[in-house]
Amino acid sequence: MRRISTRRTPHVLPALAALAAAAAVIGILAPASSGTAAASGQVTGHFAFGSDWPVYHHDGLGSGFDQSGTNLSPAKAAWNATLDGPVFGEPLVEAGRVIVATENDTVYELAANTGQVLWSTHVGTPVPQGDLPCGDIGPNVGITGTPVVDPSRSEVFAVADEVVGGAPAHFLIGLDLYSGAELLREPVDPAGTSPATELQRTGLALDDGQVVFGMGGNDGDCGQYWGFVIAASESGGAEHVFQADSVAANHAGAIWMGGAAPVVDAQGHVWVSSGNGSGSNPAPGNPSDSSDAVLELSPTMALVDDFVPSSWQNDNNNDLDLGSSAPALLANGAVFQAGKSQTAFLMNAAHLGGVGGQSAIVQPGSFCGANVEGGNAIDGDVVYTPCQAGIEAVSVSSAASATPLWKTPTGSAGPAIVAGGEVWTIGGSTLRGLNPANGAALQSFSLSGEANHFPTPSVADGLLLAPETDGVAAFDGPAGLPPAPPPAPARPGYWLAARDGGVFSFNPPFDGSVPGLGAHVTDVVDMVYDAATGGYWLAGTDGGVFSFNAPFAGSVPGLGIHVNDIVGMAYDAATGGYWLVGSDGGVFSFNAPYQGSVPGLGIHVNDIVGMAYDAATGGYWLVGRDGGVFAFHAPYAGSVPGLGVHIGNVVGMAADAATAGYWLVGNDGGVFAFNAPYQGSVPGLGARVTNVVGMTYDAATGGYWLVGNDGGVFSFNAPFAGSLGGLRLNQPVVALAAPPPP
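As the structure is a prediction and not an experimental result, all values here were calculated from the model.

Novice: Please explain the environment of F506 as it appears in this structure.
Specialist: Structurally, F506 is set in strand β38 (residues 503–506). The spacing of F506 and W495 is eleven residues in sequence and 6.0 Å in space, taken between C-alpha atoms.

If you want it as structure tokens, here you go:
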């Protein structure tokens, strides 16, 4: 089981509004394409509504191959969407939704059938071009690399260049696929760098819970920058970093690859190519510094293997970087790489060979006749390379043999994809479908223009999508437009409750709040869900109960009793009623069986902080500030004093329905497990807080959530759905509640 660390987001909907629901797993990234249908001009199907394109060039290997059989013969214009800034990334598709980002730091989601904006999230202030020491992206630099979608989390990730405190900074942003709500904001500039000289240009990729991307310099190679490959956790926290050209006093070695994404193989290894280094280590015989190289990295960004041309020092000094395109990994074990030197190299994926260790060289000094820049398309053993003199097809029969087949006479040079039996590429302001047999144009369409130097189309859900200067153009085939996007399916989530009775909903339905009733209180202490109705109750320190789509069964004031020491509440699933508990351990039952209380034991305390329900017996536990547990018709599994530990900061408990055990949590986020699986704690994350106020069990995963009084949520083997961390609140958060799994 994987521990999910804290994520705190500064942008959420107001307390009286609910976030839109999001999806469960819809699909996974396919590692490769290998068919020969596209090469032979045959199509395996008529259309592919419902197919997805969640990452640059479709899959982890960056094959650019549409396996769904979408028929685009002939294609026709379907719709255009105009956005708020230049588009440099490839349009993505997930669940009938088109995702595209702009240099204005805005992420858009469009309906695939109409192009209508479903949501747009402006994640920050983009960096004015004039604030950078050089570069050719303008008037602003915002989101340049193609985002990536993780279907298993229903989350879109992008790296945004933003103005923060008057200076540029890069952030990994996570957005809810179905609502656009910001779920993650994580700084990703490596220590010791100048963000103004670093450009995040590659597409983003996924690797086992990590978002992987490259960084390098702006156009013009100004200032001191380095090439980095960064693997950042989807859940936030420290990232793994590989640095190219890390020799003392050196710099450069950009990881940019013409906008292509890092390639991720079936073992989770990450493949990239690097640009020219600073040239400060030119003496023959000096060891490679990982510039001008093909690099195989582990998921933790350790160097596994590399290939470096024997001419790397000369290439460094003459801006002939190998890393202007991405490595192409073929099923036959070959690796194909070409860059700016007009020499293509073949390597064996099992052993890249180091300096000069290639298996073969393809047309040395004359391959393609121009730079190769961007991502490849791969169909079986054919690689369609993004030669800037026009797409060139190369047959790679083995790690030691490759034969150039053709160069397109159209001159279209944008990174190609293969779909519907045609090779699709953008040249100038024209989208073309090429014959895979000879590169001749079979179809062509005018676009409004291109801001991106390496524009590349995509195909999914029956559509052919092309980026334009400030938007997206969509084309459909004989089957017509896809159906409307399916509604967002229900997914687990939770509510947070503030002391004034304000309720914040993260996925579950919002049923109301105390301020929404026109009532003004500052004494709410707990919240529980009603499994029968899907609603919830809030309880105040005076024992007053507020019901929202949940049956009102009574309150302490309704009994004619006046107290000001209620600290917790629990739901009785058997009767639909509830209990309230006071700090002295006194229990009030409302349509729920009374099982006992601390005063009934003849014990006098004034430090009870909460209670939990035992579904197996219908009883309950009470917990004190010192971690002492009182069991009433529920099995006693232990307590903190029983461990020989002396503390005074326990703030709550949660029951594990699977084991009949329970967890206790302290205000520092420390968790004590009693006959319940330990899933982690805040101190275990290396975080130091003193504001945790409660916890809740996730019946779907067996994990739990902790919540702080600032609304920050810590997830441990439980899905993170959002938090209030960073938002200025009228009153502190006091409780978190979650419905059972759908």
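Novice: Help me out: how do you make sense of empty space enclosed by the protein in this one?
Specialist: A probe matching the size of a water molecule, rolled over the atoms, marks out where space remains unfilled. Under the criterion given, the structure shown has six cavities of 30 Å³ or more. By volume, the largest cavity is sized at about 90 Å³. Lining the largest cavity are 17 residues, and of these L61, G62, A261, V263 and A326 lie nearest its centre. Of the residues in the lining of the largest cavity, the class split is eleven nonpolar, five polar and one charged. Taken as a whole, the second largest cavity spans an internal volume of roughly 60 Å³. Lining the second largest cavity are 14 residues, and of these Y56, F88, T146, N452 and F454 lie nearest its centre. A per-class count over the lining of the second largest cavity returns five nonpolar, seven polar and two charged.

Novice: Even after reading the chapter, I still don't get the sheet that holds strand β11 (residues 182–187), so can you show me in this structure?
Specialist: Hydrogen bonding along the main chain pairs the strands of a sheet, whether they run parallel or antiparallel. Taken in spatial order, the four strands of this open sheet run β8-β9-β10-β11, and their pairing is antiparallel. The sheet terminates laterally at β8 (148–150) and β11, the two strands that pair on one side only. Sheet twist, expressed as the average angle between the axes of neighbouring strands with direction ignored, equals 35 degrees. Relative to strand β10 (residues 167–176), strand β9 (residues 155–164) is paired through ten bridges, and the arrangement is antiparallel. Its bridge partner being in β10, E162 is matched across the sheet by A169.

Novice: What exactly am I supposed to notice about the sheet that holds strand β43 (residues 578–582) here?
Specialist: What the three strands build is an open sheet, ordered β42-β43-β44; its pairing is antiparallel. Looking along the sheet, the strands with just one partner apiece sit at the ends: β42 (566–571) and β44 (587–590). Taking each pair of neighbouring strands and ignoring which way they run, the sheet shows an average axis angle of 20 degrees. Sheet topology note: the β42/β43 ladder contains five bridges and is antiparallel. Within β43, the position partnered with Y571 by the bridge is Y578.

Novice: What's the story with the state of the cysteines in this structure? I'm lost.
Specialist: Each disulfide is one covalent bond, formed between the sulfur atoms of two cysteines. According to the stated counting rule, one finds two disulfides in the structure shown. Disulfide pairing places C134 opposite C222 at an S-S distance of 1.9 Å. Across the S-S bond linking C134 and C222, the dihedral sits near -85 degrees, which makes this disulfide left-handed. Within this pair, whereas C134 is found in the loop between β6 (127–128) and β7 (140–141), its partner C222 is found in the loop between β14 (210–217) and β15 (227–233), the two being separated by 88 residues in sequence.

Novice: Can you help me understand unusual backbone geometry in this one?
Specialist: With the exception of glycine, most residues fall at negative phi, and the peptide bonds are largely trans. For the bond running from S73 to P74, omega is 0 degrees, close enough to zero to count as cis. Mapped onto the fold, P74 is located in the loop between α1 (37–40) and β1 (76–82). The peptide bond linking G138 to P139 adopts the cis configuration, its omega dihedral lying at 5 degrees. The backbone of D292 shows a phi angle near 50 degrees, a positive value even though the residue is not glycine. You will see that N549, though not glycine, has its phi angle at about 55 degrees, which is positive. By secondary structure assignment, the location of N549 is in the loop between β41 (545–548) and β42. A relative accessible area of 46% means that N549 is categorised as partly exposed.

Novice: Looking at this structure, I do not really get the pattern of salt bridges. What am I missing?
Specialist: Side chains carrying opposite charge are able to pair once their charged atoms draw close together. Overall, the coordinates contain seven salt bridges when judged by the stated rule. In this structure, K76 engages D476 in a salt bridge whose closest nitrogen and oxygen atoms are separated by 3.1 Å. Here K76, found in strand β1, pairs with D476, found in strand β36 (residues 471–476); they are 400 residues apart in sequence, far enough to count as distant. Judged by relative accessible area, which is 42%, K76 ranks as partly exposed.

Novice: Teacher, can you tell me more about the packing of aromatic side chains here?
Specialist: Aromatic rings considered in pairs are described by the distance between their centres and by the relative angle of their planes. Applying the stated criterion across every chain, the model contains 21 aromatic pairs. Aromatic ring contacts, followed pair by pair, group Y529, W537, Y571, Y578 and F590 into a single cluster. For R185, the ring lying beneath its charged end belongs to F171, and the centroid distance is 5.4 Å.

Novice: For this particular structure, what's the right way to read the side chain of E90?
Specialist: You can see E90 is positioned in the loop between β1 and β2 (92–94). Here E90 sits buried without a salt bridge, and the closest side chain of opposite charge, R201, lies 11 Å off (N-O distance). A polar atom in the side chain of E90 sits 3.3 Å from the side chain of W53. Setting aside residues no more than four positions away along its own chain, E90 makes contact with W53, V55, Y56, H57, I99, T146, I417, T456, P457 and S458.

Rules behind the numbers
- Residues numbered from 1 in each chain as written.
- Predicted model: local features only at pLDDT ≥ 70, side-chain atom pairs only at ≥ 80, totals over all residues.
- Heavy atoms only, no water.
- Helix = DSSP H or I, 4+ residues; strand = E, 2+ residues; numbered from the N terminus.
- 1 Å grid on protein atoms, 1.4 Å probe; cavity = no way out; pocket = protein on both sides within 12 Å on 5 of 7 lines; lining within 4 Å.
- Points joined across faces, edges and corners; volume = space filled by probe spheres on them.
- Nonpolar A, V, L, I, M, F, W, Y, C, P; charged D, E, K, R; others polar.
- Pairing = 2+ DSSP bridges.
- Axes fitted to C-alpha atoms, helices over the stretch in contact; angles between N-to-C directions.
- Disulfide = S-S within 2.5 Å.
- Buried < 20%, exposed > 50% of the residue type's maximum accessible area, 1.4 Å probe, protein only.
- Salt bridge = Lys/Arg side-chain N within 4 Å of Asp/Glu carboxyl O.
- Phe/Tyr/Trp six-rings, centres within 6.5 Å; stacked < 30°, edge-to-face > 60°.
- Lys NZ or Arg CZ within 6 Å of the ring centre and 35° of its normal.
- Lys, Arg positive; Asp, Glu negative; His and termini not counted.
- Polar contact = N/O pair within 3.5 Å; in protein donor to acceptor, adjacent residues only side chain to side chain.
- Contact = heavy atoms within 4.5 Å.

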